[in-house]
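Remarks on the overall topology
This is what each chain is made of:
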Amino acid sequence: MRKKVSKVIGQILLLAFLTAFALWFALRENGAAIILQIQRLSILWILCIVVLGILYYVIQGYILYMIAKKYNEKIQIKDGVCNAYVAAFFNGVTPLGGGQIAQTYAFRKLKMSYGDIASVLWKDFFLYQSVIVTYASILLILGIFMVMPNIFFYYLLAVVGFLINGSVIFLLWTMARFPNAYHKITKVIIRIGFKLRIVKNQEEVSKKLDHQMEEFTKQIQSMKKEKGMIRKAVCCNIVRQTINYMIPVINIYALGYSLHLKDIVDILIMSCLIHMLNALTPLPGDSGWTESAFILIFSVMLGRIDAGTVMILWRTATYYIHVVIGGFTFLTIRYKKVMRKECLESVVE
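The text that follows walks through the structure, step by step, so that each part is easy to find. (Residues numbered from 1 in each chain as written. Predicted model: local features only at pLDDT ≥ 70, side-chain atom pairs only at ≥ 80, totals over all residues. Heavy atoms only, no water.)

1. Regarding the overall build of the chain
When helices and strands are tallied, the chain shows 14 helices and zero strands. Overall, the chain shows an N-to-C arrangement of helices and strands of α-α-α-α-α-α-α-α-α-α-α-α-α-α. In the chain, which comprises 349 residues, the proportion classed as buried is 45%. Sequence separation of at least 24 residues holds for 74% of the intrachain contacts in the chain that already meet a minimum separation of 6. Surface exposure of the chain reaches about 19400 Å², of which carbon and sulfur atoms provide 68%. (Helix = DSSP H or I, 4+ residues; strand = E, 2+ residues; numbered from the N terminus. Buried < 20%, exposed > 50% of the residue type's maximum accessible area, 1.4 Å probe, protein only. Contact = heavy atoms within 4.5 Å. Areas by Shrake-Rupley, 256 points an atom, 1.4 Å probe, with all protein chains shown as cover.)

2. Some thoughts on a nonpolar patch on the surface
Together, Val160, Ile164, Leu280 and Trp289 give the surface a local cluster of nonpolar side chains, amounting to about 300 Å² of exposed area. With respect to the helices and strands, Trp289 occurs in helix α12 (residues 289–302). For Trp289, a relative accessible area of 32% puts it in the partly exposed group. (Patch = residues over 30% accessible without salt bridge, like charges linked within 9 Å, V, L, I, M, F, W, Y side chains within 5 Å. Salt bridge = Lys/Arg side-chain N within 4 Å of Asp/Glu carboxyl O.)

3. As for the nonpolar core
Core analysis: the biggest nonpolar cluster contains 77 residues, and Phe107, Leu273, Met276, Ile297 and Phe298 have the highest contact counts within it. By residue number, the principal contributor to this core is helix α6 (residues 114–146), which donates 13 residues. Other than its neighbours up to four places away in sequence, Met276 contacts Ile132, Ala136, Ala158, Gly161, Phe162, Asn165 and Tyr245. Of all hydrophobic cores here, the second largest spans 10 residues; its members include Val86, Phe90, Ala106 and Tyr319. (Core = buried A, V, L, I, M, F, W, Y, C linked by side-chain atoms within 4.5 Å.)

4. With respect to the pattern of salt bridges
Inspection of every chain in the model, using the stated rule, returns five salt bridges. Ionic pairing is found between Asp79 and Lys78, a salt bridge with its closest N-O pair at 3.6 Å. Judged by relative accessible area, which is 48%, Lys78 ranks as partly exposed. For Asp266, the salt bridge is made with Lys262, and the minimal N-O distance between the two is 2.9 Å. Placement of the pair is Asp266 and Lys262 together in helix α11 (residues 261–277), with a separation of four residues, close to one helical turn. On the accessibility criterion, Asp266 (6% relative accessible area) is buried. Overall, the relative accessible area of 48% leaves Lys262 in the partly exposed class.

5. Side note on the packing of α6 against α11
With their axes 9 Å apart at the nearest point, α6 and α11 run at an angle of 125° to one another. For the element pair α6 / α11, the angle class is oblique. Between α6 and α11 the crossing geometry is left-handed. For the pair α6 and α11, the contacting residues are Tyr128, Ile132, Ala136, Leu139, Leu140, Leu142, Gly143 and Met146 in the first and Lys262, Val265, Asp266, Leu268, Ile269, Cys272, Leu273, His275 and Met276 in the second. Taken together, the residues of the contact of α6 with α11 sort by class into 13 nonpolar, two polar and two charged. (Axes fitted to C-alpha atoms, helices over the stretch in contact; angles between N-to-C directions. Parallel < 35°, antiparallel > 145°, perpendicular 65-115°, else oblique. Left-handed = near helix turned anticlockwise from the far one by under 90°. Nonpolar A, V, L, I, M, F, W, Y, C, P; charged D, E, K, R; others polar.)

Here is the structure:
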């Protein structure tokens, strides 16, 4: 227990350090000017930015609700939203993200089996990742003609991030299309791993992979029968990701900029670059890295002061607020029964 607590404290301290570094990087030269700009913002703009950030997770929760409804008829939209926020918290405070483990815990509280939970999370991941790769490919192609000459180095790094995201979908697609070939390839890899003493129990590992392949095939087959849900989920994911990429646009409008269509498309492309760059770091919440990259990329369009201001607004609306909400949501789910018991006891007394 002490080790777990120490690990959590260590992760929180690391997150605090990375966040402090990001704020220092944003404020180190023009801190007073950036703070003054934020203070001058209309409360309506700030509310609009925060609402958009919350809407992103509400849509994610609705998608989870749609997928999980097949496995648990009693599930409600609020359960899906809570699950999305639990994932936001753990993805935000743990390296490499621990969101799916936390989501499994939250779904178990709803009396769902591990098999059904795995199905829900796999479908959610596959549909989301498919939309991300398609969306990003369009914006990256547009970026060749629009923003790449000004931020060539960051564009190349973002392409690497895109390839990492795309390779996951490509792997899943090939597994679904050519299961026998995948089975043979994994057998060869396991055999090589056994000879190199990387794999200890060749038969056990082979059985586990065969089982995972069977489950994967089942999920692919079941999705073919859920075309209505898939269409809705894809549309929701498109809206969700558009909101994510549009938040910097709203932030820039809030600073008083007059944006034309080309400017908006440029901002969408740069937002996509930031998203793809996040695939290159295992840091909790990509803290430190994503804020620095945001300022360096958006400085080309806005200058250092405005880029720093927009970054703080953007990061608050898309990350900091939701880590806090997600933390409270997880604690509520974790101690829900305990709190109910204490309330009933106090009423009886």
